[in-house]
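# Structural overview
Listed below are the residues making up each chain.
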Amino acid sequence: MTGSKSGSSLKWPARRVVLAWLAMTLIAVAASLAVGQRMQNGVFDGWQQLSPRDLSATDVRVVMIDDRSIEALGSSPWSRYYLARLTEQLAASGATVIAFDILFPEHDRIGPETFVSLYPELSGPAAAEIQALQPMDQLFGQVIGSAPVVLAHAGVEEAAAGQSPLADASVSGRLPPGIDSWPAELAAIPELDDVALGHGLINVPPDSDGVTRRVPLVIRADSKPRPGFAAEISRNMLGGSPIAITAPNARIGNRPVPIDQAGRMRMHFGAFPPDKIIPASLVIGESKEIDTGIFAGKPVIIGLSAEGTSDIAATPLAAQEFGPLVQAQAVDAILRDGWLDRPIWAGPAEWVVSALLALAALGAAVFGRAYRVALALAIGAVPVISSLAFSPPSLFLRPARPLLIGIGSAAGAALGLFAMARVERERLREALIQERIETAATEGELQAARAIQLGMVPPRERLRKLDPRVDLELVGRGELLVLPVAAE
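Residues numbered from 1 in each chain as written. Predicted model: local features only at pLDDT ≥ 70, side-chain atom pairs only at ≥ 80, totals over all residues. Heavy atoms only, no water.

Further remarks concern the overall build of the protein chain. A count of helical and extended segments in the protein chain gives 15 helices and 18 strands. Burial status across the protein chain gives 42% buried among its 488 residues. The contacts in the protein chain between residues at least 6 apart in sequence include a share of 79% that link residues at least 24 apart. Just so you have it, the protein chain exposes about 25500 Å², and 59% of that area is on carbon and sulfur atoms. (Helix = DSSP H or I, 4+ residues; strand = E, 2+ residues; numbered from the N terminus. Buried < 20%, exposed > 50% of the residue type's maximum accessible area, 1.4 Å probe, protein only. Contact = heavy atoms within 4.5 Å. Areas by Shrake-Rupley, 256 points an atom, 1.4 Å probe, with all protein chains shown as cover.)

The strand order across the open sheet built from four strands is β4-β11-β12-β13, with neighbouring strands paired in mixed fashion. Each having just a single partner strand, β4 (171-173) and β13 (255-258) make up the two edges of the open sheet. The sheet shows a mean angle of 25 degrees between the axes of neighbouring strands, taken without regard to direction. Of the pairings in the sheet, the one linking strand β11 (residues 243-246) to strand β12 (residues 249-252) comprises three bridges and is antiparallel in character. By the bridge assignment for β12, Ile245 is matched with Ala250. (Pairing = 2+ DSSP bridges. Axes fitted to C-alpha atoms, helices over the stretch in contact; angles between N-to-C directions.)

Now for the nonpolar core. Counting residues in hydrophobic clusters, the biggest one holds 39 residues, and the most contacted among them are Leu217, Ile233, Ile243, Ile245, Met265 and Ile301. Listing elements by their share of this core, those giving two or more residues are β1 (61-65), β2 (97-100), β3 (149-156), α8 (229-237), β11, β12 and α10 (323-335). Considering every element that reaches this core, the biggest residue donor is α10, with eight residues. The residues touching Met265, leaving out its near neighbours within four places in the chain, are Arg213, Arg214, Val215, Leu217, Val257, Pro258, Ile259, Ala330, Ala333, Ile334 and Trp339. Counting 33 residues, the second-largest nonpolar core is a separate cluster that includes Val63, Leu83, Phe104 and Ala147. (Core = buried A, V, L, I, M, F, W, Y, C linked by side-chain atoms within 4.5 Å.)

Read across the open sheet, the three strands follow the order β5-β9-β10; overall the sheet is mixed. Because the sheet does not close on itself, it has two edges, and the strands there are β5 (181-182) and β10 (224-227).

Attention now goes to the packing of helix α11 (residues 346-367) against helix α12 (residues 369-390). For the pair α11 and α12, the least separation of the axes is 7 Å and the interaxial angle reads 160 degrees. One element, α11, and the other, α12, form an angle in the roughly antiparallel class. Crossing hand, α11 versus α12: left-handed. Only Arg369, Tyr371, Arg372, Leu375, Ala378, Ile379 and Val382 of α12 make contact with α11, whose side of the interface consists of Val353, Leu357, Ala360, Ala361, Gly363, Ala364, Ala365 and Phe367. Taken together, the residues of the contact of α11 with α12 sort by class into twelve nonpolar, one polar and two charged. (Parallel < 35°, antiparallel > 145°, perpendicular 65-115°, else oblique. Left-handed = near helix turned anticlockwise from the far one by under 90°. Nonpolar A, V, L, I, M, F, W, Y, C, P; charged D, E, K, R; others polar.)

Along α8, eight of the nine residues are buried, which leaves the element largely enclosed by surrounding structure. If you check which residues of α8 are buried, you get Phe229, Ala230, Ala231, Glu232, Ile233, Ser234, Arg235 and Asn236. Immediately beyond the C-terminal end of α8, within one or two residues, lies Gly239, with a positive phi of roughly 110 degrees.

With that out of the way, let us pick up the packing of aromatic side chains. A full pass over the atoms with the stated rule returns eight aromatic pairs. On the numbers, 5.0 Å between centres and 35 degrees between planes, the contact of Phe367 with Tyr371 is tilted. For Phe367, a relative accessible area of 56% translates into the label exposed. Feature note: the residues Phe44, Phe390 and Phe396 constitute an aromatic cluster, connected by ring pairs. Positioned above the aromatic ring of Phe396 is the side chain of Arg342, whose terminal nitrogen or guanidinium carbon lies 5.9 Å from the ring centre. (Phe/Tyr/Trp six-rings, centres within 6.5 Å; stacked < 30°, edge-to-face > 60°. Lys NZ or Arg CZ within 6 Å of the ring centre and 35° of its normal.)

As a further point, take α12. Owing to its 3.6 residues per turn, the α-helix brings residues three or four apart onto one side. With 22 residues, α12 extends 33 Å from end C-alpha to end C-alpha; this agrees with the ideal 32 Å at 1.5 Å per step. If you look at α12, its biggest bend is around 25 degrees, right at Ala381, and the proline Pro383 turns up within four residues after that. (Expected span 1.5 Å × (residues − 1). Bend = angle between axes of the 7 residues up to and from the residue.)

Here we take up unusual backbone geometry. For the bond running from Ser76 to Pro77, omega is 5 degrees, close enough to zero to count as cis. Note on placement: Pro77 falls in the loop between α2 (67-73) and α3 (80-92). Non-glycine residue Asp222 carries a positive phi angle of around 55 degrees. Here Asp222 is to be found in the loop between β9 (218-221) and β10.

What follows covers the pairing of β10. As judged from the four bridges shared by β9 and β10, these two strands associate in the antiparallel manner. The residue of β10 that forms the bridge with Ala221 is Lys224. Counting the residues that bridge the hairpin from β9 to β10 gives two residues, and of these Asp222 lies at a positive phi of roughly 55 degrees.

Following this line, the structure appears as structure tokens:
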């Protein structure tokens, strides 16, 4: 009975370790599925801040309609006259692609007829002469038609009234299953749209926490595949071949750019060089402050950064970043292989590492201290490897899930060991008490036997007669229990 009970008490604590480990592992797995994305975003942002991308050698130029330009040429939106002049100057400077990160869904607000209506006191001949002038939209369209211009479109819930059907875009292949989709596409007015070199959608939806970490390269709008703005600029820079979707990549020119299930490219952000950002007023005014040669053979993005602009995004490196600079970084990433790659094996590999760490945590609970040190080193190596992979070769390996599951499993095993130690202490305590009880019982039996023996001792006189050598004092104290045998 005693042996069977002892074997059971040894097995039950070991089961407690396994059950505690299993329970904490399952909780950690559930937590990684529930809040893992937030943790992964936090790690992603941390790596971005520790290792921002070097953009000092970028070929992309950004021409900003900034506060300085507004002060020099008037409030925004500018007349198409100024935009036409800006386009002419950039084309004359040798820009390979001129991309407007500005929507033109409406006609110029200052046309000849509008101007005449503002000045009813004009004479008939003067009014007729003004009305005979070429509208600025037509002038701007002529300039666009003679220059390598890419115009911005946008995915919207409903297209503008009277908008003409749009031609199919240069995108081929099967679209990713989770691609961003919009019911309609907002285009530029026909005078501009029909003569442009290309069109790209400027929609860049942020992640659930409001931070932009990815830029769409392909989007579905009005049930048609459309290129993202940065992808269309890069496509024209790289020869103009159609964008071919061969999951998990979007081939742009000779570059297979990795995209996720939403058709987005993961960005490795950096600080865009200030010397590559030029105020529009300096270009239009042919200022001597800039060397127009900086545009030769380069892609140029024209955008807004004046006070009050709504084209602002949050990135891992900046709480507020102008949209044209985000697009410029995306173009640079495509042209110089600066994206972040998350290989198809990354997700399964993270689960495998998580499982190995969980099993190692159980093994550490069984095999002792050396295994626990090895487990701690393995857990510590996970974020180190992720950080080293983030910079070249620019792999995005998420350490959050393996860390969460590994630490959770180790905590479960530790709780199981603690519970087992308590059970063992209780068992030893009970054994000690039982031993004391048995010892006390044995001592009681000895005391009873001693008392019986004392009761059988003859009177001193008789002992004296039996053997004069008997010490009567010892007999009185009960210390002499075995008497010598002597004949009377």
